[in-house]
Amino acid sequence: MKRPVLFLSLVMLLCSTLVNSIGVDMGTCSCLCGVDDASGGSSVVLGKSGAESDFYTRLRGPKGDLGRPGKPGSLGPPGHQGNPGIKGEPGRSFGNEGSRATPSESCFHLRESGQSRSGVYTIQPTESSSPIEVFCDMESAGGGWTLVASIHENNIYGKCTSGDLWSSDQGKSSEKYPGNGNWENFNTFGSAEGATSGDYKSPAYYSLQASDVMVWHVPNDVEISQASTDAKLKYYTNTGFLRDFGGTLQSMYSKHFPLKTAPKPGATMEGVTSLIAALNQSAAETKRLVPNFYDYVYDFDGNVQNYIKDGGQDMFDTGNKLFYRIGSNPETQITYNTNYRNRSQGVDLLAATSHPFNLLMWIGNDGGAVDMFSLKVLSGTGADGDGSSRTRDGTITQGDFTLVYHAYSVYGASDPSISEVFYYITNTNTWQSRAPTAFTKNPWSGGTDSLQHGVVVSGGPKSILMGYTLLSRTSDGEVDESSIRAVLNRTLTEISNFGKIDEFNCSRLEESLVQPVLYLQGNNDEVLNKIPPVAKSQTTPGFLQFRAYSPTGIPNALCPGVKTEACRSQSVCIGGVNTMANDEKSCGDFAGWEGLPGDTPTQTEPDGSARSLDDVNTSVLIFTRKQA
């Protein structure tokens, strides 16, 4: 018998058993077993796999739970290699992942090991120090530079405020400032990624040994990955100087060039004081040049000596009141025997109660930043309208010196005669003077009572000496032109003995550290063009100067790209410390870069003592590197 017939017989036997044992009718049995009756419908087709499958499908119950996975099959053959993807940005700690090896000591060591892409890496400067994340420049001057700091000015008008992390913690009084501000201590702040948006100081500033320094000037808020491309200036030292000062900027400042105040010795600031002293020493000879010279009396009321009340023998009804003016600033009345100095314009003035009375006013005016300077004298004379008056003008030369004068004389009123003499002196050789384009009498009244006489030098004069002297005679005779010229010749002879007037030797380079730099972006002309006019002639590009003092002894931490002898070093340098209440303009991350009232810098051009607006909105990034 064939197998299909046997299979069918077994099925039918099963159905019969179900009918007899549990009372299931044959129709139900046929349905359960997948065999239809003779009335029609489906039938089992023997000998075909489809019929067998249908049978088992009808026979099984509901689907059970998923069983345990079977053992994996053997691996198939590898497929073809796909195309490489797009190159991504350098990862953090690039080159230090993939093993538990100690991070590299520095960016320079990473560069030597083959890392050539700039980015954020992890380094460990010493075995005892913790790993730190730093930005490494792997391209500039051979690469391997570590960004250790950035100086960012958040508010140029906020002087040593909370945002000035490189200066504000040092305070505004000598009691609060201990000499260990953030340039010198172990504080850290900011991040490498935000170095152009805020102040930054990395632990590498004090823990990473280095030999040289690199500086970038980068516009504010530039991504650190774009800083190199967008930098306006990039320069570096290659002298290895840091090795001599402990190998870090922290060590250099704290142990060798601390940012403490150091008042400037008076001997280097004598200026016109020395000239006045010389004129006083020769006063006896000078008086003999005026026949019957009258020694007027310095009689005044009160404690402030700034006029002559009578002078004796009705010489004045209050007179010889002096005033000076710088540019468009208000006039200032001069107190006798008081030294006036305006360092930003290089003005040094002193009026002395000698016989004859002398006033000297040195005008440095570096770069010709201020257009005009003036002197004025108000006098109520005892002549009260009587007598005569005369104006005299002239020029005197001695060697390289030239003296130009205007004089006004009152005489013939039975009172002591008066001659007010104004002058200026230039020397284009020794002083490198730039003479005024005009020497104007303004104001210049006539008559013999209530006199108002003044002179103005204009045209941006530079390195000249203005002067005033009061001559007099006991009789009513005139102080004539020959007497005036004789006195001025004598004055010029005394002044010429001094050669160059060292009135504002603001340099204290012997107390600074100065290093030459090499440029990667920019040049000397570009650096010098950024210096304010007031300081330009006393500033030399192509250097880094560490710790530059102002004339009052206030230190600035760093002069980026230059060395300077400028009196207003705070308009050139950064990291200004203020420990004197009267010098607040020197305080702040960018010190005095905003300049003085009246300065009008543009976006790209400095003016007066002020940097350009672009410079103020630029961050200074400092890198270090130690080469083998």
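Just so it is clear, the structure is predicted and the values come from calculations on it, not from any experiment.

### Here's the deal with the overall build of the chain
Looking only at helices and strands, the chain features 13 helices and 26 strands. Within the chain, the proportion of its 628 residues that are buried is 51%. In the chain, once contacts between residues fewer than 6 apart in sequence are set aside, the share between residues at least 24 apart is 64%. Counting every atom, the chain has about 28500 Å² of accessible surface; 49% of that belongs to carbon and sulfur.

### Here we look at the state of the cysteines
Considering all chains together, one arrives at two disulfides under this definition. The disulfide partner of Cys107 is Cys136, and the S-S distance across this bridge is 1.9 Å. With the S-S dihedral at roughly -70°, the linkage between Cys107 and Cys136 falls on the left-handed side. With Cys107 in helix H4 (residues 107–112) and Cys136 in strand S2 (residues 132–137), this residue pair connects regions lying 29 residues apart in the sequence. Taking the relative accessible area as the measure of exposure, Cys136 reaches 0% and is therefore buried. The disulfide that involves Cys559 links it to Cys573, with 2.0 Å between the sulfurs. Judged by the sign of its S-S torsion, about 80°, the bond between Cys559 and Cys573 is right-handed. One end of the pair, Cys559, is in strand S23 (residues 555–559); the other, Cys573, is in the loop between strand S24 (562–564) and strand S25 (574–576), and 14 residues separate them in sequence. Neither residue differs from the other here; Cys559 and Cys573 are each classed as buried.

### Observations regarding the side chain of Ser140
Here Ser140 is to be found in the loop between S2 and strand S3 (145–151). Of note is the side chain of Ser140, whose polar atom sits 2.7 Å from the side chain of Asp137. Sequence-distant contacts of Ser140, defined by excluding residues within four places in its chain, comprise Trp145, Met214, Trp216, Lys234, Leu520 and Arg625.

### Topic: the environment of Val410
Along the polypeptide, Val410 turns up in strand S14 (residues 401–411). Taking relative accessible area as the criterion, Val410 reaches 5% and is therefore assigned buried. Once the C-alpha coordinates of Val410 and Gly447 are considered, the two residues, 37 residues apart in sequence, prove to be 8.2 Å apart. Excluding anything up to four places from it in sequence, Val410 contacts Ala383, Ser388, Ser389, Ser417, Ile418, Gly447, Thr448 and Leu451.

### With respect to the environment of Asp199
When you line up the elements, Asp199 lands in the loop between S3 and strand S4 (200–201). Using a relative accessible area of 8% as the deciding quantity, one classes Asp199 as buried. In sequence terms Asp199 and Val620 are 421 residues apart; their C-alpha atoms lie 9.5 Å from each other. What Asp199 contacts, discounting residues up to four positions off in sequence, is Ser150, Ile151, His152, Gly163, Asp164, Leu165, Trp166, Phe189, Gly190 and Asp589. Of note is the side chain of Asp199, whose polar atom sits 2.8 Å from the backbone nitrogen of His152. From its side chain, Asp199 meets the backbone nitrogen of Leu165 in a polar contact 3.0 Å long.

### Topic: the sheet that holds strand S11 (residues 357–363)
Ordered by their spatial adjacency, seven strands build an open sheet running S9-S10-S11-S18-S15-S14-S13, and the pairing between neighbours is antiparallel. Where the open sheet ends on each side, the last strands, each with one partner, are strand S9 (339–342) and strand S13 (388–398). When strand polarity is set aside, the average angle formed by the axes of neighbouring strands in this sheet is 10°. Bridge count for S9 against strand S10 (residues 347–352) is four bridges, and the pairing is antiparallel.

### Observations concerning the sheet that holds strand S22 (residues 543–549)
The four strands lie next to each other as S19-S22-S23-S25, forming an open sheet whose pairing is antiparallel. Of all the strands in the sheet, just strand S19 (513–516) and S25 have a single pairing partner and so form its edges. Taking the axes of each pair of neighbouring strands and ignoring which way they run, one obtains an average angle of 10° across the sheet. Here four bridges tie S22 to S23, and the two strands are oriented antiparallel to one another. Looking at the pairing, Gln545 lines up with Cys559 of S23. Sheet contacts for helix H7 (residues 249–256): S19, S22 and S23; angle to S22, the most-contacted strand, approximately 35°.

### Quick word on unusual backbone geometry
That bond from His355 to Pro356 is cis: its omega, 5°, falls within 30 degrees of zero. Within the element layout of this structure, Pro356 appears in the loop between S10 and S11. Between Asn442 and Pro443 the backbone carries a cis peptide bond, its omega angle lying at 0°. Along the chain, Pro443 falls in strand S16 (residues 438–444). The backbone of Asp221 sits at a positive phi, close to 65°, despite the residue not being glycine. Its place among the elements puts Asp221 in the loop between strand S5 (212–219) and helix H6 (227–230). Note on Asp221: relative accessible area 57%, which makes it exposed. Although it is not a glycine, Gln313 sits at a positive phi angle of roughly 60°. Tracing the backbone through its elements, the reader meets Gln313 in the loop between helix H9 (283–287) and strand S7 (321–326).

### Some details on the side chain of Ser167
Along the chain, Ser167 turns up in the loop between S3 and S4. Not counting residues within four places of it along the chain, the set of residues in contact with Ser167 comprises Cys160, Gly576, Gly588 and Asp589.

### With respect to the pairing of S22
The element S22 is largely enclosed, with a buried count of seven among its seven residues. Relative to S22, S19 runs antiparallel, the two being bridged by four bridges. Each residue of the ladder has a partner; that of Leu513, found in S22, is Phe546.

### Let's talk about helix H8 (residues 272–281)
Buried within H8 we find Val272, Ser274, Leu275, Ile276, Ala278 and Leu279. Contacts from the buried residues of H8 go to H9, S9, S10, S11, strand S18 (464–473) and helix H10 (481–496).

### Side note on the pattern of salt bridges
By the definition in use, this model includes 11 salt bridges. One salt bridge connects Glu478 with Arg392, and the closest N-O pair in it is separated by 2.8 Å. Here Arg392 lies in strand S13 and Glu478 lies in the loop between S18 and H10, a separation of 86 residues in the sequence. Overall, Glu478 belongs to the buried group, its relative accessible area being 14%. Take Arg392: its relative accessible area is 16%, and that puts it in the buried class.

### Some remarks on the nonpolar core
Residues Phe357, Leu359, Met361 and Met466 are the most contacted members of the largest nonpolar core, which totals 61 residues. In this structure Met361 touches Tyr324, Arg325, Val347, Asp348, Leu349, Phe373, Leu375, Ile464, Leu465 and Met466, once residues within four positions along its chain are discounted. The next biggest cluster of nonpolar side chains, apart from the first, holds 53 residues, and it includes Cys136, Met138, Ala149 and Leu544.

Basis of the calculations
- Once a new chain begins, its residue numbering starts again from 1 and follows that chain's sequence as written.
- The predicted nature of this model means local features are confined to residues of pLDDT at least 70 and side-chain atom pairs, given and counted, to a pLDDT of 80 or more, with totals for whole chains, interfaces and linings taken over all residues.
- Where side-chain values are given, they derive from all heavy atoms of the structure, hydrogens and water being excluded.
- For helices the rule is a DSSP run of H or I covering at least 4 residues; for strands it is a run of E covering at least 2, with both sets numbered from the N terminus onward.
- Note on exposure labels: buried denotes an accessible area under 20% of the residue type's maximum, exposed denotes more than 50%, and partly exposed covers the range between, all computed with a 1.4 Å probe on protein chains only.
- Contacts are assigned to residue pairs with any non-hydrogen atoms lying within 4.5 Å of each other.
- Values of accessible area rely on a 1.4 Å probe in the Shrake-Rupley scheme; residue burial ignores everything except the protein chains shown.
- The rule for a disulfide is simple: a pair of cysteine sulfur atoms within 2.5 Å.
- Within 3.5 Å is the distance limit for a polar contact, defined as a pair of N or O atoms, with the added protein rule that one can donate a hydrogen and the other accept it, and that residues adjacent in sequence qualify only through two side-chain atoms.
- We call two strands paired when DSSP finds no fewer than two bridges between them.
- Angular values range over 0 to 180 degrees, each being the angle between N-to-C directions of two axes fitted as lines to C-alpha atoms, with helices fitted over their stretch in contact.
- Only one rule defines a salt bridge in this text: a Lys or Arg side-chain nitrogen within 4 Å of an Asp or Glu carboxyl oxygen.
- In plain words, nonpolar cores are sets of buried Ala, Val, Leu, Ile, Met, Phe, Trp, Tyr and Cys residues tied together by side-chain atoms within 4.5 Å.

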